[in-house]
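One-letter residues, chain by chain:
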Amino acid sequence: MPVLYISPERSLFNSLFYMKYTHFAFCLVVLFLSLLTADIKAQNNLDRNITLNVKQAKLSELLSLIGKSGGFYFSYSSDQIRADSLVTLSADHSTVRNLLDGIFKGNVDYKESPGYIILRPAPNRLSLRPDTTSGKENNYYITGYVVDDRTGLGIPNASVYEKRLLVSTLTNNKGFFSIRIKSDGQITLTVSKEFYKDASVNFLSDVTISLKQHNSYYSGESASDRTERNWLGRIFISSRARMQRLNLGGFITSVPFQTSFLPGLSSHGMMSSQVVNHYSLNVLGGYTAGLDGIELGGLFNLNKQDAQYVQAAGLFNVVGGNFKGVELAGISNTVLKNVNGLQAAGIYNLAKDSITGMQLAGIMNISNEVNGFQAAGILNKSHLMTGVSFGLVNITDTLDGYAIGLLNLSRNGYHQLLVYSNEVTTANLAFKTGNGKLYAVISTGAHLGNHLNYYSFGLGIGHDFIFNQHYYLSTEIASQSLLSGQWNDQHQIFKFNTLFNVKTGTTFSFFAGPSFNLYHLQKGEENAEDREIICNKIGLMNLGKSNRGWIGWSVGLSF
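Residues numbered from 1 in each chain as written. Predicted model: local features only at pLDDT ≥ 70, side-chain atom pairs only at ≥ 80, totals over all residues. Heavy atoms only, no water.

A. Looking closely at the sheet that holds strand 9 (residues 167–170). Read across the open sheet, the four strands follow the order 9-8-11-12; overall the sheet is antiparallel. What marks the edges here is a single partner per strand, and that holds for strand 9 and strand 12 (199–203). Taken pair by pair, the neighbouring strands of this sheet meet at an average axis angle of 20°, ignoring direction. Here strand 8 (residues 159–162) pairs with strand 11 (residues 187–192) via three bridges, running antiparallel. Paired with valine 160 across the bridge in strand 11 is valine 191. Packed on one face of the sheet, helix 7 (residues 239–248) meets strand 8, strand 9 and strand 11 and runs near 105° to strand 9. (Pairing = 2+ DSSP bridges. Helix = DSSP H or I, 4+ residues; strand = E, 2+ residues; numbered from the N terminus. Axes fitted to C-alpha atoms, helices over the stretch in contact; angles between N-to-C directions. Contact = heavy atoms within 4.5 Å.)

B. Region of the structure containing the environment of glutamine 308. Mapped onto the elements of the fold, glutamine 308 is located in strand 20 (residues 307–313). By relative accessible area, glutamine 308 is classed as partly exposed at 22%. With 31 residues separating them in the primary sequence, glutamine 308 and valine 339 have C-alpha atoms 9.6 Å apart. Engagement of the side chain of glutamine 308 in a polar contact is seen with the side chain of aspartate 292, the distance being 2.4 Å. (Buried < 20%, exposed > 50% of the residue type's maximum accessible area, 1.4 Å probe, protein only. Polar contact = N/O pair within 3.5 Å; in protein donor to acceptor, adjacent residues only side chain to side chain.)

C. How the structure looks around helix 4 (residues 96–104). Along helix 4, the positions that sit buried rather than exposed are Val96, Leu99, Leu100, Ile103 and Phe104. Along helix 4, the residues classed as buried sweep out an arc of 110° about the axis, all on the same side. Packing partners of the buried residues in helix 4 comprise strand 1 (49–58), helix 3 (59–70), strand 2 (73–75), strand 3 (86–95), strand 4 (108–113) and strand 5 (116–121). At the C-terminal side of helix 4, lysine 105 shows a positive phi close to 55°. (Arc of directions from axis to C-beta.)

D. Layout of the side chain of asparagine 428. In this structure, asparagine 428 sits in strand 33 (residues 427–434). A relative accessible area of 4% places asparagine 428 in the buried class. A polar side-chain atom of asparagine 428 sits 2.6 Å from a polar atom in the side chain of threonine 425. Filtering out sequence-adjacent residues up to four positions away, asparagine 428 remains in contact with Leu418, Val419, Tyr420, Ser421, Asn422, Thr444, Gly445, Ser456 and Gln480.

Below is the structure:
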């Protein structure tokens, strides 16, 4: 056998080029068989031997014990399988399949998935009975019935499909089906129906090797109806597609490319909701199992489970699982689990569980947990904010980051009413929201003088340096508008406050401190109103032709 030597000057590719073809082919075969064997081992969980002895254990605990012994997990719905029922079981080197048969008495179907065994209730049995098979030039037309083994009656809305070719149909109300298939080899029709065990029938005895193969597997997440329950999903996903999801459960396959006009009118027909695509083009809209690449929709994209990389739609995107990458929509993006990346929409974004990255929306962003940046024209809402939220109104249950807006409301943050006086306006009220890291202040006040009355409205932001539970220092930047007459007759003051706070209890705080004030002359030179406002100010100074500065003060109480 030849020896492969790689010199420092020769790449692996060049070295392989000089190998004998037979040796290279042999290496490829060995590699292929190794990967195939590893895959078979990974998928062969039902045939693993298990030894255990339990008495009156909860079914959920027993399944966890079996999975731990075999190095895999069980996936099932607690609504369909009674996980709290008590089980007594003793087994010595019994296969997992036999253990499950003993536990469920044949009323549950088992599906293999990488690292998982998926359990689905299937107490009933069905049969696929072909009626006619006709065709020519590899185009076949197959009809028949799907019947209940116990009653002999036809089963309506059962899914009849060819896994390899991704062709499917549903039976009518009498259990009848007809399906057209183009194939140059064996055809295997599988029938699936919720609460029935799957059944398959082979057609055509001559088997040829086809290059059109798909990576099929079972996924517990694929049986989720989150997308269908979303209000957009309820509008655009047909009842036939919903029935297909119930029947096929976790069956998933992946293909390079698909196109669709509307959900159900696609290159994969009704099987599109079971297919994960690398490239997906939806002229108006489409409904697929997931995305592992790029998806473009003229109006909308609907995904049943996870999607990643790039998704863009003219109106909206809905993802039933997690999303990773960049998601763009003219109106809205909805991800019903986690987002890791960027969501940008004209109106609103929703990441139901969490967002790690950025959410940008014209009106509103919503997420349970935010670890990144949110920006919205009006509202940002979350349960836990550990990043930065920027919007007119920011609402969160727990604020552990920064909220920048006119109102920043949180259960653990500031909701303080301030009553105070300063050198400009005698009486003032303010509302302070946010937290110690960053808060916003909205204020209003009035000054009733001998010669001039004016009223004020102000906005500001601040940060608290907290020394202990009784003492802290506030630093603020604020803009205060003074209105003395008409709305267009305003005077502007920029204030830089430093306030020392003393908490006298759980409700009240006393604060006082100096400020530096910058006053802008509206008309470029002092008039009577300007002189009334700035008269008797401490350290009054000219800062150019149109600005004056002085040292001010504030004193008050916060509640």
